[in-house]
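Examination of the molecular architecture
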Amino acid sequence: MTDNNQNPRVHSGSIKERNEWVEWEEQCRRQLRRPFEARLKAVWPRQRKPIPVRDDVSYRSFETMEEYRAWCENNLPEYLGYGRRAV
Amino acid sequence: MGEERFDVSQAETLVDAFQRENVEFLFIGKGAAILMGYPSTTLDVDLFLPKDPENGRKVVRALRAIGFVLTESQAVEIIRGKDFVQLNEPFDLDLIHAPDGLPEYDKVKARSIRIEKFPLVCLADIIASKEATGRQRDRLELPLLRAFQRVYEQEQQRSQSHDQQQQEAGEGTRRLKRRVRGDKGQCAIPEES
């Protein structure tokens, strides 16, 4: 799948890519039809700490969102995806 | 590796604590979308809070009640409503007072939704907020979220249409029961409870 702002239904990708979108929509539909209690269990999977850098301290704060975004970009590992460079 | 991260029981503990203190808050971000049915997972909790010192005091009380250790200076920052506060213990929690791409809290609250006891920023606002961050992770997620939004809206319409049909069918049955009772005296069709 690509970073595409267009409706995937009219998306001009390959058949494989269109099929992936159809599958995704079906997955969304199935999840929406599950009871809320079942969905709730899946939101936060049990995972292990720590996340590098983020968990180095138990508290941090930023006066503005821009400061926070800049901190993420300059400090968090790139693979976490907090950077604002092109995908 | 260390301790386990956030889980659903902690989400309920958090909501219960905030609601006991009458905190104004909304779930925002991917967590809120997942609560609506977006098929994914997330590691932390993002809450949108109004910049209101009285609400901030309630937030601090609620957090302390469920095990967050806050110094006085940290409490003051939360009460003051710094744009972004990140807490990691006992679980990851982001307090956001000015999310990217969204207007002030009251406007977002007015179009928010609630599922069970979870107050959620509406899907359009979640998407608007992610569009505004410009982060790589959000840019990758946005097409999926937009596709989910279309399915979500279709399912809402389907559900409303189903409810309407049920209601009409119920009225039809009640009319039939009244007619049967009227015609035959003691009706064989039991009343719905």
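Residues numbered from 1 in each chain as written. Chains lettered and ligands numbered in written order. Predicted model: local features only at pLDDT ≥ 70, side-chain atom pairs only at ≥ 80, totals over all residues.

Now for the overall build of chain B. Of regular secondary structure, chain B possesses seven helices and six strands. The helix and strand sequence of chain B, counted from the amino end, reads α-β-α-β-α-α-β-β-α-β-β-α-α. Classification of the 193 residues of chain B by burial places 38% in the buried group. (Helix = DSSP H or I, 4+ residues; strand = E, 2+ residues; numbered from the N terminus. Buried ≥ 20, exposed ≤ 12 C-beta atoms within 10 Å, placed from the backbone.)

Attention shifts here to the overall build of chain A. Scanning chain A from terminus to terminus reveals three helices and one strand. Taken from the N to the C terminus, the helices and strands of chain A come in the order α-α-β-α. Split into buried and exposed, the 87 residues of chain A put 11% on the buried side.

Below, the discussion takes up unusual backbone geometry. All names here are of chain B. For the bond running from E89 to P90, omega is 5°, close enough to zero to count as cis. Tracing the backbone shows P90 in the loop between β3 (84–87) and β4 (93–96). A positive phi angle, near 55°, is found at N22, a position not held by glycine. Mapping N22 onto the fold places it in the loop between α1 (8–20) and β1 (26–28). Here N22 falls in the exposed class, since 10 other C-beta atoms lie within 10 Å of it. With phi around 55°, E116 is a residue other than glycine that occupies positive phi space. Relative to the elements of secondary structure, E116 occurs in the loop between β5 (113–115) and β6 (118–120). For E116, a count of 11 C-beta atoms within 10 Å translates into the label exposed.

Attention now moves to the pairing of β3(B). All names here are of chain B. Along β3, one buried face is formed by F84 and Q86 and the opposite face, lined by V85 and L87, is buried too. In the sheet, β3 pairs with β4 via four bridges, with the strands oriented antiparallel. Bridge pairing links F84 to I96 in β4. The loop that links β3 with its antiparallel partner β4 comprises five residues. (Pairing = 2+ DSSP bridges.)

Attention shifts here to the environment of A:P52. Residues and elements named next belong to chain A. Among the structural elements, P52 can be located in the loop between α2 (36–43) and β1 (59–62). On the neighbour-count criterion, P52 (11 C-beta atoms within 10 Å) is exposed. With 25 residues separating them along the chain, P52 and P77 place their C-alpha atoms 7.4 Å apart.

With that settled, the discussion passes to the interface of chain A and chain B. Across the contact, 42 residues belong to chain A and 46 residues belong to chain B. Elements supplying a minimum of two residues to the side of chain A that touches chain B: α1 (15–33), α2, β1 and α3 (65–75) of chain A. In terms of residues, the side of chain A that touches chain B owes the most to one element, α1(A), which gives eight residues. With four bridges connecting them, β1(A) and β3(B) associate as antiparallel partners. Counterpart to A:S61 in the pairing with β3(B) is B:V85. (Contact = placed C-beta atoms within 7 Å.)

On to the confidence of the model for chain A, then. Reading predicted coordinates in detail is not appropriate for stretches of low pLDDT. All names here are of chain A. Mean pLDDT for chain A: 81, with 78% of residues reaching 70 or above. α2 is the least confidently modelled element of chain A, averaging 84 in pLDDT, while β1 averages 97, the highest of any element. For residues 1–6, every residue scores under 50 in pLDDT, and the model assigns this stretch 12 contacts once sequence neighbours within four places are set aside. (pLDDT = per-residue confidence, 0-100.)

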